[in-house]
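Structure assessment
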Amino acid sequence: QVQLVESGGGLVQAGGSLRLSCAASGGTFSNYVLGWFRRAPGKVREFVAATGRSDVVPIYADPVKGRFTISRDNAKNTVYLQMNSLKAEDTGVYYCAANTGTFPISQDFRYNYWGPGTQVTVSS
């Protein structure tokens, strides 16, 4: 049983940066696959990034490749999403998710645990 809480969202101008954090409690953090998803206004939830074990290469959705970086700190039970060169289309509610496993996964239905989300708004 895992509880996730996102933080770090806010309002930024296009071209700016934000760093989202997701703190986890419960379970064994190092055994969890961790992902970030987002839901833009009027759109369905979409995959952003995911990471597995620390020695496994993370994966990214095409729209954020080269701009976003996912990382994890097992000592702090926290997963991060560094977002650079933000665009207006990055606006949305960002959610972190977790599931037991080894490799990162992009399908939202494969994740068992979800945070409540944090709002990211990019002004143009």
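Summary of the structure given here.

Rules used in this analysis
- Residues numbered from 1 in each chain as written.
- Predicted model: local features only at pLDDT ≥ 70, side-chain atom pairs only at ≥ 80, totals over all residues.
- Heavy atoms only, no water.
- Helix = DSSP H or I, 4+ residues; strand = E, 2+ residues; numbered from the N terminus.
- Rg over C-alpha atoms; globule rule 2.2 N^0.38 Å.
- Buried < 20%, exposed > 50% of the residue type's maximum accessible area, 1.4 Å probe, protein only.
- Contact = heavy atoms within 4.5 Å.
- Polar contact = N/O pair within 3.5 Å; in protein donor to acceptor, adjacent residues only side chain to side chain.

**Considering the overall build of the protein chain**
Across its full length, the protein chain carries zero helices and 11 strands. A compact globule built from 124 residues would reach a C-alpha radius of gyration of about 14 Å, and the protein chain, at 13 Å, matches this within 12%. Projected onto its principal axes, the C-alpha coordinates of the protein chain cover approximately 40 × 25 × 25 Å. The 124 residues of the protein chain split such that 44% are buried. Contacts in the protein chain between residues far apart in sequence, at least 24 positions, make up 62% of those at least 6 positions apart.

**Focus: the side chain of D90**
If you trace the backbone, D90 turns up in the loop between β8 (78–83) and β9 (92–100). For D90, a relative accessible area of 0% puts it in the buried group. Reaching out from D90, the side chain makes a polar contact with the side chain of R67 at a distance of 2.7 Å. Apart from residues no more than four positions distant in its own chain, D90 is found in contact with R38, R67, F68, S85, V120 and V122.

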